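Read off the chains here:
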Amino acid sequence: MCYLIAKKYNEEGCIAVKAERGKELACLVSSLGIKTLDKGIQILTITDMDIFGEYKPYNIILSEEEFISKVLSM
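Residues numbered from 1 in each chain as written. Predicted model: local features only at pLDDT ≥ 70, side-chain atom pairs only at ≥ 80, totals over all residues. Heavy atoms only, no water.

Below, the discussion takes up the pairing of strand β2 (residues 14-19). Burial of β2 is extensive: 5 of the 6 residues sit out of reach of the surface. In this structure, strand β1 (residues 2-8) lies alongside β2, joined through 5 bridges in antiparallel fashion. Across the sheet, residue Ile 5 finds its bridge partner in β2, namely Ala 16. As consecutive antiparallel partners, β1 and β2 are separated by 5 residues, and within that stretch Gly 13 has a phi angle of approximately 80°, a positive value. In this sheet, strand β4 (residues 58-60) lies alongside β2 in parallel orientation, the contact comprising 3 bridges. What sits directly across from Ile 15, in β4, is Asn 59. (Buried < 20%, exposed > 50% of the residue type's maximum accessible area, 1.4 Å probe, protein only. Helix = DSSP H or I, 4+ residues; strand = E, 2+ residues; numbered from the N terminus. Pairing = 2+ DSSP bridges.)

Structure (structure tokens):
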């Protein structure tokens, strides 16, 4: 289990969704990264929210579909 994170570089906080590691997640990270490259949005995965304090506060999204929608509208 890990979290998929989207964060605007110069803004506080991020949005996150629980995700399963694997090829599908890697493809999603790549796809979102390409779509948001010119918007200053960082897309990454983390395993422990407590270690990565620079992304706090975390706005947890419950579904991958909603997460994608929110990322594309950032």
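Next comes the rest of the description.
This part is about unusual backbone geometry. Pro 57 follows Lys 56 through a cis peptide bond whose omega is -5°. Relative to the elements of secondary structure, Pro 57 occurs in the loop between β3 (41-46) and β4.

Here we take up the sheet that holds β3. What the 4 strands build is an open sheet, ordered β3-β1-β2-β4; its pairing is mixed. For this open sheet the edge positions go to β3 and β4, each flanked by a neighbour on one side alone. For this sheet the average axis-to-axis angle between neighbouring strands, irrespective of direction, equals 30°. The strands touched by helix α1 (residues 23-36) are β1, β2 and β3; relative to β3, the strand with the most contacts, the crossing angle is about 165°. Strand contacts of helix α2 (residues 64-72): β1, β2 and β3, with the helix running at about 155° to β2, the strand carrying the most contacts. (Axes fitted to C-alpha atoms, helices over the stretch in contact; angles between N-to-C directions. Contact = heavy atoms within 4.5 Å.)

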